[in-house]
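Descriptive analysis of the structure
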Amino acid sequence: MAYPISGFSKLTKAEKIAWLGDTYLKNSPSSVHTLQNYWHPDSELQNLHDEFTENTLSNFYLPFGIAPNFLINGRNLAIPMAVEESSVIAASGKAAKFWNTRGGFKATVLGTQKSGHVHFNYSGDPKKLLLFFEEIKPKLLASVSEIVRNMEERGGGVLSIELKDKTDLLANYYQLACSFETKDAMGANFINTCLEQFGATLEKEAQQFDLFSETEKQLHVIMSILSNYVPECRVRAEVSCPVEDLGNKQEGNGKIFAEKFMQGIRIAEVEPSRAVTHNKGIMNGIDAVVLATGNDFRAVEAGIHAYAAKDGSYTSLTHAEIKNGIFHYWIEIPIALGTIGGLTSLHPLAQVALEILQKPSAKELMEIAAVAGLAQNFAAIRSLVTTGIQKGHMKMHLMNILNQQQTTSSEKALIIEHFQTNPITHSAVIEVLQKIRNVE
């Protein structure tokens, strides 16, 4: 039976693994070896990885690849992706190649404003609170002058501070709703530092405001924190071409394909259970770019899914239409990314990813991520309404099945050849493998 341990964080990595081996992995010495085997041989690089988070034992690797042939706003780019799911990179590359000869992707940043809030309780006269806020607003801004100086030199800073009455939602609940521009930084630490200072100044000034009663002076800040919902930090990506240009060997007649494609989008617009899977596929592309460039995919996921439900029902993030014989297909999403600071400046592969992308600004990275999401969705819907999703997916998944079965290189060659002309299922692969091994 395992017992709580004190001082675990103070142990060395080797000591942590030894404790884990003695406590939870007694019957699995190979697991201990695996943890050690995934250490990086370069001790300096391993130390860097160890310091990214707490209680580090080892490294968890994801494949790092690229999807080439993306024509975005007239520039050809190869998009780096960190993802473990079969067919994501292949699908992205296929969609990129398809649209490269049809005008490519167009992307536009619609805004870069980010937000955060000081959440506080106040049990008093709302009119007096408004007078108090108007009086101390310059003091709030002055209190962060040192914090924002470098950001202002880069063209960013605090954009606005507003008092929000939220007492219809919770008794005595108010906000300072603040907006920020952080330029090429994602800006989470900058925003949170500003907000915490606003909160401290708010409480301090309340104690000294003459119009407040003693009770009202006890204005209490609950928390100060940025929001990962950034509807004012938004990007649009789109493609378009004449309907007849959509036709080829896979799609068949361009008009028929366009109608089936649009119906697939419409279903995701009206049916939440379909929209969830539809948008998950979009995030396959976006998350892969976000991870590869050292950004926070969890923040991006939360904000984008909230946006998908902004009108009260969860719906598709992509849309399509035909106007005057032209097929239009687009995505519009909120996404806050950075190209300086944080992991983007620390992780060597994140730096390589940004080099591959020709050192983009934060705005350009927003555009690239949105394009990756649109490309993934196009590839998925294209497969769904033509050959079906499993044909391509299982072809890519075949190698995972073979690796799980610890096949030899000669066995792999025989099985891959067999499934060039036969449907791939897990049971079918196992059956063929057993036949090969029985013969041998």
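Let me begin by describing the structure that accompanies this report. Throughout, a residue's number is its position along its own chain's written sequence, starting from 1. Local features in this predicted model are restricted to residues of pLDDT 70 or higher, and side-chain atom pairs are both shown and tallied only at a pLDDT of 80 or more, whereas totals for entire chains, interfaces and linings draw on every residue. To obtain the side-chain values, all non-hydrogen atoms of the structure were used and water was disregarded.

As for empty space enclosed by the protein
The pocket and cavity definitions rest on a 1 Å grid over protein atoms only: a 1.4 Å probe that fits but cannot leave marks a cavity, an open set with protein on both sides within 12 Å along at least five of seven lines marks a pocket, and residues lining either have an atom within 4 Å of a point. Grid points are joined across faces, edges and corners, and a volume is the space filled by probe spheres set on the points. Inspection of the entire model under this criterion finds one cavity of 30 Å³ or more. In this model, the largest cavity occupies a volume close to 110 Å³. Along the wall of the largest cavity there are 15 residues; nearest its centre are Met186, Ser227, Asn228, Val230 and Ala336. For the lining of the largest cavity, the elements supplying multiple residues, two or more each, are strand E4 (114-121) and helix H10 (297-308). Only DSSP runs of H or I with at least four residues qualify as helices, and only runs of E with at least two residues qualify as strands; both kinds are numbered from the N terminus onward. Examining the composition of the lining of the largest cavity, we find that four residues originate from one element, H10, more than from any other. Of the residues assigned to the lining of the largest cavity, the class counts are ten nonpolar, four polar and one charged. In this count, Pro and Cys sit with the nonpolar residues alongside Ala, Val, Leu, Ile, Met, Phe, Trp and Tyr, while Asp, Glu, Lys and Arg are called charged and the others, Gly among them, polar.

Overview of the pairing of strand E6 (residues 173-181)
Burial classes follow relative accessibility: with a 1.4 Å probe on protein chains only, a residue under 20% of its type's maximum area counts as buried, one over 50% as exposed, and anything between as partly exposed. A large share of E6 lies buried, amounting to nine of its nine residues. Every second residue of E6 is oriented toward a common face, with Tyr173, Gln175, Ala177, Ser179 and Glu181 on one face and Tyr174, Leu176, Cys178 and Phe180 on the other, all of them buried. Sheet analysis places strand E5 (residues 157-165) next to E6, joined by eight bridges and oriented antiparallel. Within the sheet, the bridge partner assigned to Lys164 lies in E6 and is Gln175. For two strands to be treated as a pair, DSSP must find no fewer than two bridges joining them.

With respect to the layout of surface pockets
Within this model, the largest pocket holds a volume of roughly 1500 Å³. Lining the largest pocket are 41 residues, with Phe52, Leu291, Gly294, Leu343 and His347 sitting closest to its centre. Within the lining of the largest pocket, the residues separate by chemical class into 23 nonpolar, 16 polar and two charged.

Remarks on the environment of Gln207
Within the secondary structure, Gln207 sits in helix H7 (residues 188-208). When the C-alpha atoms of Gln207 and Leu20 are compared, they prove to be 51 Å apart, with 187 residues separating the residues in sequence.

A look at the packing of aromatic side chains
Aromatic ring pairs are defined here through the distance separating the ring centres and the angle between the ring planes. Note on aromatic pairs: the rings of Phe, Tyr and Trp (six-membered ring only in Trp) are paired at centre separations within 6.5 Å, and the planes decide the class, stacked below 30 degrees, edge-to-face beyond 60, tilted for the rest. Here the structure, examined in full by the defined rule, presents 22 aromatic pairs. Here the aromatic rings of Phe261 and Tyr329 are separated by 5.1 Å at their centres, their planes lie at 90 degrees, and the arrangement is edge-to-face. Here the residue Phe261 occupies a position in helix H8 (residues 254-270), and Tyr329 occupies one in strand E10 (residues 326-334), the gap between them amounting to 68 residues. Residue Phe261 is classed as buried on the basis of its relative accessible area of 0%. Using a relative accessible area of 1% as the deciding quantity, one classes Tyr329 as buried. An aromatic cluster of three or more residues is present, and its members are Phe98, Trp99, Phe257, Phe261, Phe327, Tyr329 and Phe378. Its guanidinium or amino end placed over the ring of Trp39, Lys13 lies 4.5 Å from that ring's centre, counting from NZ or CZ. By the criterion adopted, a ring carries a charge over it if an Arg CZ or a Lys NZ lies within 6 Å of its centre and within 35 degrees of its normal.

Overview of the environment of Tyr174
Here Tyr174 lies in strand E6. A relative accessible area of 4% places Tyr174 in the buried class. Note: C-alpha distance between Tyr174 and Val118 (56 residues apart in sequence) is 8.4 Å. Discounting residues that sit within four places of it in the chain, Tyr174 has contacts with Val118, His119, Phe120, Tyr122, Pro126, Leu129, Lys164, Asp165, Lys166 and Thr167. What makes two residues a contact is simply this: any of their non-hydrogen atoms within 4.5 Å.

Concerning the sheet that holds strand E9 (residues 318-323)
The four strands are arranged E3-E8-E10-E9 in an open sheet whose pairing can be described as antiparallel. The outermost strands of the open sheet, each flanked by one partner alone, are strand E3 (106-109) and E9. In this sheet, neighbouring strand axes are inclined to one another by 20 degrees on average, regardless of whether the strands run parallel or antiparallel. Here E9 pairs with E10 via six bridges, running antiparallel. For Thr318, the partnering residue across the bridge sits in E10 and is Ile331. A fitted line through C-alpha atoms represents every axis, and for helices the fit uses only the stretch in contact; the resulting angles, taken between N-to-C directions, go from 0 to 180 degrees. Its contacts with the sheet put H8 on E9 and E10, and the angle it makes with E9 is roughly 140 degrees.

Focus on unusual backbone geometry
Here Lys183, not a glycine, exhibits a phi torsion of approximately 55 degrees, which is positive. With respect to the helices, strands and loops of the structure, Lys183 is situated in the loop between E6 and H7. According to the relative accessible area criterion, Lys183 is partly exposed, its value standing at 36%. With phi around 65 degrees, Gln358 is a residue other than glycine that occupies positive phi space. On the secondary structure map, Gln358 appears in the loop between helix H12 (348-356) and helix H13 (362-384). Judged by its relative accessible area of 52%, Gln358 falls in the exposed class.

Worth remembering: the numbers are spatial, not functional.
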